[in-house]
Amino acid sequence: MTETLEPIRLHDPATFASGIPHELFASMRSTVGLTRSPDVAGTAGFWSVTRHRDLVQASRDVETFSSAVGHIQIYDIDDDALDERASMIDMDPPMHTRLRRLVSSAFTPRHVQAYRDAVRTRIRRVLDEFEAAGGGDWVSAVAKPIPIGVICDLMGVPAADHAYMVELSDHLVAGTGSEPLEPTAYGNTTDLRLLPFNSPAAFAMSAYASELAAVRRAEPADDLISGLVHAEIDGERLTDAEFANFFRLMIFAGNETTRSSMAHLALHLHRFGDEFERVRVDRSLLASATDEVIRYSSPILYFRRTVTAPTALSGTDLAVGDKVVLWYAAANFDDDVFPDPLEFRVDRPTTPTHLAFGGGGAHFCLGASLAKLEVAELIDEILDRDLDFDDVGEPEFVESNFVNGIERLRIGLHG
């Protein structure tokens, strides 16, 4: 049994203009089988996966639910665009595995712990400035500079260019909104349909990556870029296009999820202050509180897969070529897994795990340990300072059906 949703709703960024549409997703989870969205504006319809167990099953079966066949976003693109855009996240094993191994050692839990002092130092500096200013826009002053600074330092991007990486990342996300982008922005000369997110910022990020790669080939340093430009797969080094796509993915993915979680953190501190007071008194709750912040924020709304062999989920038959959209933001509030899911609980058990980093398998988020470290250190430092989050404005959400981000959020700090 299936149910067809009214047209456009899940295609339309306006559906997510106030955050996650919890009532809609709850209705979809309660429907027997999967729900289907019809064809809209030249984009083929798709099946929505909203239950935790179904999303885990699809995520771990990469042979049947492919990232390389079709596209990883709702809208459809041409075959030549698939080839041009392809980064590690758009591939299936074994190529995905080979590329992932090039950088995976830097993101193991053991290696990530070595970054703790540098992360905490960055957080303290950012919060010092925010306090000195008496508050301001939490997103631009706190949520943006911390994660982009961390991933850029690991990659080897000079500090002077961190703000530029934030700007380009913002412009990439804008490509998932409803407003058309200026095709020639950033000096772009490439057809937008060939660029990730249909954004000219992808062109600019590729150009920047190529320039930095040339520097590191001549002058290697102790950073991920140097490792990537000198790495070999099956005896061959990455092409310029492969490196640029890899660089763009690392900057975007290494920044966006953490940034959005940190942006939402301010709202959680405002709305659930009593829960954070429990953490302030008992820091053994910090790890579970961090997971609850990320679950409740659900920074990435979805990824899409394409079916490669006849199969079924929750009794719904799926055919070869069917589009299947994995709604992490729905599965993270599945009450079969998370009792009273709309309640924010800092002591919520961490198993079964939330799916903000994916449903497991080959595409589980490479930077999950780093993201959790950054969010935990920010919570810890905020609680150490006993910052007051009573004066909080209304959030302005990013217009996107892909990222559950906040564009602006005013916070007033009072001495």
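Everything below is about the structure printed above this text.
Here's what I pulled together on the structure shown here. (Residues numbered from 1 in each chain as written. Predicted model: local features only at pLDDT ≥ 70, side-chain atom pairs only at ≥ 80, totals over all residues. Heavy atoms only, no water.)

## Structural notes on the overall build of the chain
- Summing up its helical and strand segments, the chain has 16 helices and 15 strands in all.
- Its C-alpha atoms give the chain a radius of gyration of 21 Å, within 12% of the compact-globule value 22 Å for 415 residues.
- A principal-axis box enclosing the C-alpha atoms of the chain has dimensions of 60 × 55 × 40 Å.
- Residues classed as buried in the chain amount to 57% of the 415 residues present.
- For the chain, the share of sequence-separated contacts (at least 6 apart) that also reach a separation of at least 24 residues comes to 72%.
- When the accessible surface of the chain is summed, it comes to about 17200 Å², and 50% of that surface belongs to carbon and sulfur atoms.
- The chain carries 37 positive and 65 negative side-chain charges, and their two centres are separated by 4 Å. (Helix = DSSP H or I, 4+ residues; strand = E, 2+ residues; numbered from the N terminus. Rg over C-alpha atoms; globule rule 2.2 N^0.38 Å. Buried < 20%, exposed > 50% of the residue type's maximum accessible area, 1.4 Å probe, protein only. Contact = heavy atoms within 4.5 Å. Areas by Shrake-Rupley, 256 points an atom, 1.4 Å probe, with all protein chains shown as cover. Lys, Arg positive; Asp, Glu negative; His and termini not counted. Charge placed at Lys NZ, Arg CZ, Asp CG, Glu CD.)

## Some thoughts on helix H2 (residues 52-60)
- By the burial criterion, the buried members of H2 are His52, Asp54, Leu55, Val56, Ala58 and Ser59.
- Considering only its buried residues, H2 is in contact with strand E3 (46-49), strand E4 (65-66), strand E9 (311-313), strand E11 (323-327) and helix H15 (328-331).

## Looking at the pattern of salt bridges
- Applying the stated criterion across every chain yields a total of 34 salt bridges.
- Put simply, arginine 283 and aspartate 380 hold a salt bridge, and the shortest N to O gap is 2.4 Å. Highlighted residues: arginine 283 in the loop between helix H13 (273-281) and helix H14 (286-297) and aspartate 380 in helix H16 (residues 368-385), separated in sequence by 97 residues.
- Take arginine 283: its relative accessible area is 28%, and that puts it in the partly exposed class.
- In this structure aspartate 380 comes out as buried when scored by relative accessible area, which is 15%.
- One connected set of salt bridges, linked through shared partners, spans Arg116, Arg120, Arg124, Asp128, Glu131, Arg283, Glu377, Asp380, Glu381, Asp384 and Arg385. (Salt bridge = Lys/Arg side-chain N within 4 Å of Asp/Glu carboxyl O.)

## Considerations on the sheet that holds strand E5 (residues 135-137)
- Taken in spatial order, the 3 strands make up an open sheet running E5-E15-E12, and their pairing is antiparallel. Looking at which strands have only one partner, the edges of the open sheet turn out to be E5 and strand E12 (391-392).
- Bridge count between E12 and strand E15 (residues 410-412): 2 bridges; the pairing is antiparallel. Bridging from a neighbouring strand, valine 392 pairs with isoleucine 411 of E15. (Pairing = 2+ DSSP bridges.)

## Topic: the environment of aspartate 191
- The topology assignment puts aspartate 191 in the loop between helix H9 (162-174) and helix H10 (200-218).
- Classification of aspartate 191 by relative accessible area gives partly exposed; the value is 40%.
- C-alpha separation for the pair aspartate 191 and arginine 116, spaced 75 residues apart in sequence, amounts to 42 Å.
- One polar contact links aspartate 191 to arginine 193, side chain to side chain, over a distance of 3.0 Å. (Polar contact = N/O pair within 3.5 Å; in protein donor to acceptor, adjacent residues only side chain to side chain.)

## Things to note about helix H8 (residues 145-155)
- Counting buried residues along H8, 9 of its 11 residues qualify, which places the element largely inside the surrounding structure.
- As for H8, its buried residues are in contact with helix H6 (116-132), helix H7 (138-143), H9, helix H11 (224-230), helix H12 (240-271) and H16.
- Just past H8, the residue glycine 156 takes up positive phi, approximately 105°.

## Overview of unusual backbone geometry
- With an omega dihedral of 10°, the bond running from proline 93 to proline 94 counts as a cis peptide bond.
- Turning to its location among the elements, proline 94 is positioned in the loop between helix H3 (79-85) and helix H4 (95-101).
- Of the consecutive residues threonine 351 and proline 352, the connecting peptide bond is found in the cis state with omega at -5°.
- With respect to the helices and strands, the residue proline 352 is situated in the loop between H15 and H16.
- One non-glycine residue, aspartate 340, adopts positive backbone phi at about 45°.
- Note on placement: aspartate 340 falls in the loop between H15 and H16.
- Residue classification places aspartate 340 among the partly exposed positions, given a relative accessible area of 41%.

## A few points about the layout of surface pockets
- In this structure, the largest pocket encloses a volume near 520 Å³.
- Considering the residues around the largest pocket, the lining is formed by 27 residues, among which His11, Thr43, Tyr75, Gly175 and Gly177 are closest to the centre.
- Per-class residue counts for the lining of the largest pocket are 12 nonpolar, 9 polar and 6 charged. (1 Å grid on protein atoms, 1.4 Å probe; cavity = no way out; pocket = protein on both sides within 12 Å on 5 of 7 lines; lining within 4 Å. Points joined across faces, edges and corners; volume = space filled by probe spheres on them. Nonpolar A, V, L, I, M, F, W, Y, C, P; charged D, E, K, R; others polar.)

## A look at empty space enclosed by the protein
- Applying the stated criterion to the full structure yields 3 cavities of 30 Å³ or more.
- Looking at the largest cavity, its volume works out to about 830 Å³.
- Residue lining of the largest cavity: 43 residues in total, with Ile89, Leu249, Phe252, Ala253 and Phe303 positioned closest to the centre.
- Per element, the largest residue contribution to the lining of the largest cavity is 10 residues, and it comes from H12.
- By residue class, the composition of the lining of the largest cavity is 22 nonpolar, 14 polar and 7 charged.
- Lining the second largest cavity, in full, are Ser288, Asp291, Glu292, Arg295, Phe338, Arg348, Pro349, Thr350, Pro352, Thr353 and His354.

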